[in-house]
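# Topology and contacts: notes
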Amino acid sequence: MPLPFLDASDAQIFETFNGVILGWACLLFLPTWRHTKTVVLLLVFVYSLVYAGLFQTILAKDPSLFSLDTFGSLDSIVKLFAARETVLLGWVHYIGGDLLAGLFVVQDSQALGIPHLLIAPLLPILLMATPVALAIYLVMRAVRVMTMPSKSKTM
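Everything in this summary refers to the structure shown in the same document. (Residues numbered from 1 in each chain as written. Predicted model: local features only at pLDDT ≥ 70, side-chain atom pairs only at ≥ 80, totals over all residues. Heavy atoms only, no water.)

This part is about the packing of helix α2 (residues 20-29) against helix α5 (residues 84-112). α5 packs onto α2 with a crossing angle of 10° between their chain directions and a minimal axis gap of 10 Å. Our classification of the angle between α2 and α5 gives roughly parallel. Contacts between α2 and α5 involve V20, G23, W24 and L27 on the former and, on the latter, I95, D98, L99, G102, L103 and V106. Within the contact of α2 with α5, the residues separate by chemical class into 7 nonpolar, 2 polar and 1 charged. (Axes fitted to C-alpha atoms, helices over the stretch in contact; angles between N-to-C directions. Helix = DSSP H or I, 4+ residues; strand = E, 2+ residues; numbered from the N terminus. Parallel < 35°, antiparallel > 145°, perpendicular 65-115°, else oblique. Contact = heavy atoms within 4.5 Å. Nonpolar A, V, L, I, M, F, W, Y, C, P; charged D, E, K, R; others polar.)

Next up, the structure:
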């Protein structure tokens, strides 16, 4: 049981993270819906609470897991993620951060007037390869900003 206050296994907790698909569906299919941002931020908030609980539980068991030395080599990172609990912690971190990146791209593109048809194909890439999709979006964004009339440029 990774969270002492929750009577659930790590596998059961992991299954609840499939709810992240709701946030991605809102970003993809309902980008202008007035509740999309709220849905996404609520999911991120819930995942943040779960993350905090998992982090505290893992830290209480072995404070040395998160020492500065832990992040100094690839071998140390591999050792850190050898346990199911830290893999679960990493997964929560990953899905929450990616969802926030998706929200940024959708909202920023709307503010710049980039058509959602150009953004929609990036969203699955953001889910699976965030740095690649963000790089693509930032290039699209730069092109858009450079081609905007000077009065409406926002960077």
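Now, onward.
What follows deals with the nonpolar core. F17, W24, L27, Y47, L99, L126 and Y137 are the most contacted members of the largest nonpolar core, which totals 36 residues. Contributing elements (two or more residues each) for this core: α2, α3 (36-61), α5, α7 (122-128) and α8 (130-147). It is α5 that contributes the most residues to this core, 10 residues altogether. If we ignore the near neighbours within four places in the chain, the residues touching F17 are Y47, V50, L88, W91, V92 and I95. (Core = buried A, V, L, I, M, F, W, Y, C linked by side-chain atoms within 4.5 Å. Buried < 20%, exposed > 50% of the residue type's maximum accessible area, 1.4 Å probe, protein only.)

On to the side chain of D98, then. Examined against the element boundaries, D98 turns out to sit in helix α5. The contacts of D98, once residues within four sequence positions are left out, are W24, L126, L127 and T130.

One number sums up the size of the largest pocket: a volume of about 160 Å³. For the lining of the largest pocket, the residue count by class is 2 nonpolar, 4 polar and 3 charged. (1 Å grid on protein atoms, 1.4 Å probe; cavity = no way out; pocket = protein on both sides within 12 Å on 5 of 7 lines; lining within 4 Å. Points joined across faces, edges and corners; volume = space filled by probe spheres on them.)

Moving on: α2. Three or more residues of α2 are buried, namely V20, G23, W24, C26 and L27. Viewed along the axis of α2, the buried residues span an arc of 155°, placing them on a single side of the element. Elements that come into contact with the buried residues of α2 comprise α3, α5, α6 (116-119) and α7. (Arc of directions from axis to C-beta.)

Structurally, I119 is set in helix α6. Taking the C-alpha atoms as reference, I119 lies 9.8 Å from G102; in sequence the two are 17 residues apart. For I119, the residues in contact, after removing those within four places along its chain, are V105, V106, S109, I114, Y137 and M140.

So, on to a nonpolar patch on the surface. On the surface, L42, F45, V46 and L49 cluster together to form a nonpolar patch covering roughly 390 Å² of accessible area. Of note, L42 is situated in helix α3. Judged by its relative accessible area of 52%, L42 falls in the exposed class. (Patch = residues over 30% accessible without salt bridge, like charges linked within 9 Å, V, L, I, M, F, W, Y side chains within 5 Å. Areas by Shrake-Rupley, 256 points an atom, 1.4 Å probe, with all protein chains shown as cover. Salt bridge = Lys/Arg side-chain N within 4 Å of Asp/Glu carboxyl O.)

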